[in-house]
Amino acid sequence: MVDLVSVVELVRVVLPQMLARRQGQVVLVGSIAGSVGVSGEAVYSAAKAGLSAFAEALRYELRGTGVRIMHVVIGVADTPFFARRGAPYQRSRPRPVPAARVAATMCQAMRSGRDDVYIPGWTRLPGLIHVTAPTLYRRLAGTFG
């Protein structure tokens, strides 16, 4: 609910004012889990995949209105998220990115008008492999986790 439905509802609330002003930017924070699915994170992965599709569809719907949609795909941010949920982050990849770096990258991307941002940048690659060579991706995921 928090990762998808609440985001859709918040956008629904703020979008009319942005459309009336013919300007605005919505930043949706996704996850690599939404691009490729992550073992042990099925529901989270599904919610973040839904967020990705929402960002893409909304971008098409808002073309020409002056309102922009930016989708940020984060590998892992170094925040208390995992500790607070009671399951510490134990994977070796991707390594957590400092929250200040995530924020700085997002701000720079907003200023430059980018539609999609991957933090760190290499996290774009697993999704591309997953889409273009799914069998290879599954083999690699089975080997490297």
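Residues numbered from 1 in each chain as written. Predicted model: local features only at pLDDT ≥ 70, side-chain atom pairs only at ≥ 80, totals over all residues. Heavy atoms only, no water.

Enquirer: Go over the environment of aspartate 3 with me, naming the residues and quoting the values.
Expert: Residue placement: aspartate 3 occurs in the segment before α1 (5-21). With a relative accessible area of 26%, aspartate 3 lands in the partly exposed category. Distance in space between the C-alpha atoms of aspartate 3 and leucine 51 is 7.8 Å, their sequence separation being 48 residues. (Helix = DSSP H or I, 4+ residues; strand = E, 2+ residues; numbered from the N terminus. Buried < 20%, exposed > 50% of the residue type's maximum accessible area, 1.4 Å probe, protein only.)

Enquirer: With reference to specific residues and values, describe the pattern of salt bridges.
Expert: Tallied over the entire structure, the rule returns seven salt bridges. Close ionic contact of aspartate 116 with arginine 59 constitutes a salt bridge, the shortest N to O distance being 3.5 Å. Of the two residues, aspartate 116 sits in strand β5 (residues 116-119) while arginine 59 sits in helix α3 (residues 42-61), which places them 57 residues apart along the sequence. Its relative accessible area of 26% is what places aspartate 116 among the partly exposed residues. (Salt bridge = Lys/Arg side-chain N within 4 Å of Asp/Glu carboxyl O.)

Enquirer: Got a sec to walk through the sheet that holds β5? Specific residues and values, please.
Expert: Taken in spatial order, the three strands make up an open sheet running β1-β2-β5, and their pairing is parallel. Across the chains shown, the open sheet's two edge strands, defined by having one partner strand only, are β1 (24-31) and β5. With direction set aside, neighbouring strand axes in the sheet form an average angle of 20°. For strand β2 (residues 67-74) and β5, the ladder comprises four bridges, and the chain directions are parallel. In the strand pairing of β5, histidine 71 is matched with aspartate 116. Relative to the sheet, α3 contacts β1, β2 and β5, its axis offset from that of β1 by approximately 155°. (Pairing = 2+ DSSP bridges. Axes fitted to C-alpha atoms, helices over the stretch in contact; angles between N-to-C directions. Contact = heavy atoms within 4.5 Å.)

Enquirer: Would you mind going over the packing of helix α6 (residues 124-132) against helix α7 (residues 134-144) in detail, with residue names and values included?
Expert: Packing of α6 against α7 brings their axes to within 5 Å, and their N-to-C directions diverge by 130°. Considering their axes alone, α6 and α7 lie oblique with respect to each other. Two secondary-structure elements touch here, α6 through Pro126, Ile129, His130, Val131 and Thr132 and α7 through Pro134, Leu136 and Tyr137. Considered class by class, the residues forming the contact of α6 with α7 number six nonpolar, two polar and no charged. (Parallel < 35°, antiparallel > 145°, perpendicular 65-115°, else oblique. Nonpolar A, V, L, I, M, F, W, Y, C, P; charged D, E, K, R; others polar.)

Enquirer: Tell me about the packing of aromatic side chains, and please be specific about residues and values.
Expert: Inspection of every chain in the model, using the stated rule, returns three aromatic pairs. Where tyrosine 44 meets phenylalanine 81, the ring centres are 6.3 Å apart and the plane angle is 40°; that geometry is what we call tilted. Highlighted residues: tyrosine 44 in helix α3 and phenylalanine 81 in helix α4 (residues 81-84), separated in sequence by 37 residues. Plain terms: the ring middles of phenylalanine 81 and phenylalanine 82 are 4.9 Å apart, the flat faces sit at 85° to each other, and that makes the pair edge-to-face. For phenylalanine 81, a relative accessible area of 38% corresponds to the partly exposed category. Following the ring pairs from residue to residue traces out a cluster consisting of Tyr44, Phe81, Phe82 and Tyr89. (Phe/Tyr/Trp six-rings, centres within 6.5 Å; stacked < 30°, edge-to-face > 60°.)

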